[in-house]
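A closer look at the structure
Residue strings, one per chain:
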Amino acid sequence: FGLILPLPQNVIDYLLDDGTLVVSGGDNNNQQNQTNNSDSEEEDVQWSDDETTTTVTAPEFPEFNSKVLEAINTLGGCVFPKLNWSAPRDANWIALNSSLQCQSLSDIFLLFKSSDFITHDLTQPFLHSSDEDSPNPAINYELVLRKWSELLPGGEFRCFIKENKLIGISQRDYTQYYHHISKQEAQICHSIQEFFSQHVQYHFLDEDFVLDVYIDSWGKVWLIDLNPFGEVTDSLLFTWEELTSGNSLSANQEQGDTAQQEGPVFRYTTSDVTVQPSPCLSYRIPRDFVDLSTGEDAYKLIDFLKLKKRQQEDSEEEVDEEVRQ
């Protein structure tokens, strides 16, 4: 179902190097030529007279590439890649097939180097750790490769476990409305509860964790992933405040009724009216644009306003100059 490969330090350094081009991974030419002059007759473009050509040699990892290709072949030729914790879900837009399906090391590098999720894992994995007094442990980073399977987003669910009890279930792809979920609510909830009690409960080291599962068209439940119980993991249709407060959850986030109920609370998108854009869309535009639109980076906003003011002043000076003439 999957294979795990230790991630060499030189590969980690490469993934964190903003100035390095995506490598070929040994399956393409290992050099890319960048030229400032083009003799193409198909484009009517005037280029600089500078004909200097810079040859950029892409870094190669032959031993690691060989292990990755062997693993990919063992898993059927197509894999789903991730690190210890995260998959590059925020970077699927950059792939030619807009998918996380990879067939070579270069496919994996393209996604990893374009992913903020991966960068977070490599640089700030314990940013939201509750145990602030303990030093961060040494991490042995690993490349996790799983056999590629076409999963229907409407069959994915996230389960929240606290003190070894399943307290909440959320539709994974909460931005879309899936009619079958509302029709099969009781059956879905029962199947997940049964799977949890038979295969997961009391078998995991931690009492608090998050479980991702998939229910196929035959009703079989599959374990997809395990995640930390905390803010580093997306709470989807819940909030971490209500998940950690100790109070009873309500079936609807907007309801104030928190009466006790048997079994976990199941939340899902109930109609087309509540459909939302994907939260990963913001990763498809430059970070500066996102910071400006949300006001998250005050310094960028100040610089932008200063630039606009300077442009306005320059424009007014040009108008005054024309009036004098």
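Small disclaimer: the values here were computed from a predicted structure and weren't measured. (Residues numbered from 1 in each chain as written. Predicted model: local features only at pLDDT ≥ 70, side-chain atom pairs only at ≥ 80, totals over all residues. Heavy atoms only, no water.)

1. Let's talk about the nonpolar core
Counting residues in each nonpolar core, the largest one holds 30 residues, and the members touching the most others are L7, L15, F64, V68, F112, L143 and L145. Secondary-structure elements contributing two or more residues to this core are α1 (9–15), α2 (62–74), β4 (79–82), α3 (105–113), α4 (116–123) and β5 (142–147). Broken down by element, this core gets its largest block of residues, five residues, from α3. Once you skip the residues sitting within four places of it in the chain, V68 turns out to touch L5, L105, I108, L143 and L145. Grouped together as the second largest cluster of nonpolar side chains are 20 residues, I169, I188, V221 and F266 included. (Core = buried A, V, L, I, M, F, W, Y, C linked by side-chain atoms within 4.5 Å. Buried < 20%, exposed > 50% of the residue type's maximum accessible area, 1.4 Å probe, protein only. Helix = DSSP H or I, 4+ residues; strand = E, 2+ residues; numbered from the N terminus. Contact = heavy atoms within 4.5 Å.)

2. Brief notes about a nonpolar patch on the surface
On the surface, F204, L223 and L226 cluster together into a nonpolar patch covering about 220 Å² of accessible area. By the element assignment, L223 lies in strand β9 (residues 221–228). The partly exposed category is assigned to L223, whose relative accessible area is 38%. (Patch = residues over 30% accessible without salt bridge, like charges linked within 9 Å, V, L, I, M, F, W, Y side chains within 5 Å. Areas by Shrake-Rupley, 256 points an atom, 1.4 Å probe, with all protein chains shown as cover. Salt bridge = Lys/Arg side-chain N within 4 Å of Asp/Glu carboxyl O.)

3. Quick word on the packing of aromatic side chains
Scanning the entire structure with this criterion turns up 11 aromatic pairs. Here the aromatic rings of Y14 and F109 are separated by 5.1 Å at their centres, their planes lie at 70°, and the arrangement is edge-to-face. Placement of Y14 in helix α1 and of F109 in helix α3 is noted, with a sequence separation of 95 residues between them. The buried category is assigned to F109, whose relative accessible area is 2%. Here the guanidinium or amino end of K113 rests over the ring plane of Y14, the centre of that ring lying 4.3 Å away. (Phe/Tyr/Trp six-rings, centres within 6.5 Å; stacked < 30°, edge-to-face > 60°. Lys NZ or Arg CZ within 6 Å of the ring centre and 35° of its normal.)

4. Re unusual backbone geometry
Unusually for a residue other than glycine, Y202 sits at a positive phi of about 70°. Summarising the element assignment, Y202 is placed in the loop between α6 (185–200) and β8 (209–215). Even without a glycine there, the phi angle at L236 is positive, about 55°. Positionally, L236 belongs in the loop between β9 and α7 (240–244).

5. Side note on the sheet that holds β8
The strand order β9-β8-β6-β7-β10 describes an open sheet built from five strands, whose pairing is mixed. The open sheet has two edge strands with one neighbour each: β9 and β10 (265–267). Sheet twist, expressed as the average angle between the axes of neighbouring strands with direction ignored, equals 20°. The pairing of β8 with β9 spans seven bridges and is classified as antiparallel. Each bridged residue has a counterpart across the sheet, and for I215 the counterpart in β9 is V221. (Pairing = 2+ DSSP bridges. Axes fitted to C-alpha atoms, helices over the stretch in contact; angles between N-to-C directions.)

6. So, the environment of V200
Assignment of secondary structure puts V200 in helix α6. Overall, the relative accessible area of 8% leaves V200 in the buried class. For the pair V200 and L223, spaced 23 residues apart in the sequence, the C-alpha separation amounts to 9.3 Å. Residues within four places of V200 in sequence aside, it is in contact with F195, F209 and L211.

7. Let's talk about α2
Compared with an ideal rise of 1.5 Å per residue, which puts 13 residues at 18 Å, α2 spans 18 Å between its outermost C-alpha atoms and is within 8% of the ideal. Turning to α2, its buried residues number three or more, namely F64, N65, V68, A71 and I72. Seen from one end, α2 has its buried residues packed into an arc of 130°, which puts them on one side. In α2, those exposed residues whose orientation departs by more than 90 degrees from the buried face are P62, E63, E70, N73 and T74. Packed against the buried residues of α2 are β1 (2–6), α1, β4, α3 and β5. (Expected span 1.5 Å × (residues − 1). Arc of directions from axis to C-beta.)

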